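A structural walkthrough
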Amino acid sequence: SLSPKGTGFISANQPDTTGVNGSCRGTNAVDLQIKRSVNSQIASGNFSFIGAGTYNTVNGSNSAIIGGSSNKAMGALSGIVGGRCNNIGALAGYSAIICGSSNAISAGNYSLVGGRKALCNYSGCFVWNDSNGAGVAPSSNNQFIINKNV
């Protein structure tokens, strides 16, 4: 049954340090993801959340991944709605990735990215990229970028 275990975490799998069930979760974390390939693909941040998907990792405290595959939310108070291979780095708190693929917020706070290959290393940015293979990134703080290749 789903009830708090250990440090108050809730998990769909009983931790066993394997790639199947993963390591122990963070304090008061919720991890409902069932499929992982390594034991670190869990909600290990305190008060973190993984709602669904596969191969996702949440290390940032108070951070969440709603679903998707191979996403990482490492920054505090950050979130990824879904998609694939999206990454919020440990130096990027208070930030979000709204779906898409291969998006990244490596550093800086308070940024929002989405689409495909929208990249951000600065604070306070909004970056949206279309489905074209070329990436797009701001060059300073507080930029608003919508990229549409024709």
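For the structure, check the block above.
Summary of the structure given here. (Residues numbered from 1 in each chain as written. Predicted model: local features only at pLDDT ≥ 70, side-chain atom pairs only at ≥ 80, totals over all residues. Heavy atoms only, no water.)

Below, the discussion takes up the overall build of the chain. A count of helical and extended segments in the chain gives zero helices and 14 strands. Its helices and strands in sequence order give the chain the pattern β-β-β-β-β-β-β-β-β-β-β-β-β-β, from N to C terminus. Compactness check: the chain gives a C-alpha radius of gyration of 15 Å against a globular reference of 15 Å for 150 residues, within 12% of the reference. The principal-axis extents of the C-alpha atoms in the chain amount to approximately 50 × 25 × 20 Å. Per-residue burial for the chain yields a buried fraction of 39% across its 150 residues. Counting only contacts in the chain whose residues sit at least 6 apart along the sequence, the fraction spanning at least 24 positions is 1%. (Helix = DSSP H or I, 4+ residues; strand = E, 2+ residues; numbered from the N terminus. Rg over C-alpha atoms; globule rule 2.2 N^0.38 Å. Buried < 20%, exposed > 50% of the residue type's maximum accessible area, 1.4 Å probe, protein only. Contact = heavy atoms within 4.5 Å.)

Tallied over the entire structure, the rule returns two aromatic pairs. Ring centres of Tyr94 and Tyr110 lie 4.9 Å apart, and the angle between their planes is 25 degrees; this geometry places the pair in the stacked category. Note that Tyr94 is positioned in the loop between β8 (87-91) and β9 (96-101) and Tyr110 in the loop between β10 (104-107) and β11 (112-116), a separation of 16 residues in sequence. By relative accessible area, which is 44% here, Tyr94 ends up partly exposed. Looking at Tyr110, the relative accessible area reads 54%, which means it is exposed. Summarising the aromatic geometry, the rings of Phe126 and Phe144 are spaced 4.8 Å apart at their centres and angled 15 degrees between planes, so their arrangement reads as stacked. Of this pair, Phe126 sits in strand β13 (residues 126-129) while Phe144 is found in strand β14 (residues 144-147), placing the two residues 18 residues apart along the sequence. Residue classification places Phe144 among the exposed positions, given a relative accessible area of 60%. (Phe/Tyr/Trp six-rings, centres within 6.5 Å; stacked < 30°, edge-to-face > 60°.)

So, on to the environment of Ser44. Mapped onto the elements of the fold, Ser44 is located in the loop between β2 (30-31) and β3 (49-50). Residue Ser44 is classed as partly exposed on the basis of its relative accessible area, which comes to 28%. For the pair Ser44 and Gly60, spaced 16 residues apart in sequence, the C-alpha separation works out to 7.7 Å. When sequence neighbours within four positions are dropped, the list of residues in contact with Ser44 reads Arg25, Gly26, Val58 and Asn59.

Here five strands make up an open sheet; going across it, the order is β4-β6-β8-β10-β12 and the pairing parallel. The sheet terminates laterally at β4 (57-58) and β12 (119-120), the two strands that pair on one side only. The pairing of strand β6 (residues 72-73) with β8 spans two bridges and is parallel. Across the sheet, Ala73 pairs through a bridge with Ile88, a residue of β8. (Pairing = 2+ DSSP bridges.)

Ile80, Ile88, Ile97, Ile105, Val113 and Val127 are the most contacted members of the largest nonpolar core, which totals 19 residues. Sequence-distant contacts of Ile105, that is, excluding residues within four places in its chain, are made with Asn87, Ile88, Gly89, Ala92, Ser95, Ala96, Ile97, Ser111, Val113 and Cys120. (Core = buried A, V, L, I, M, F, W, Y, C linked by side-chain atoms within 4.5 Å.)

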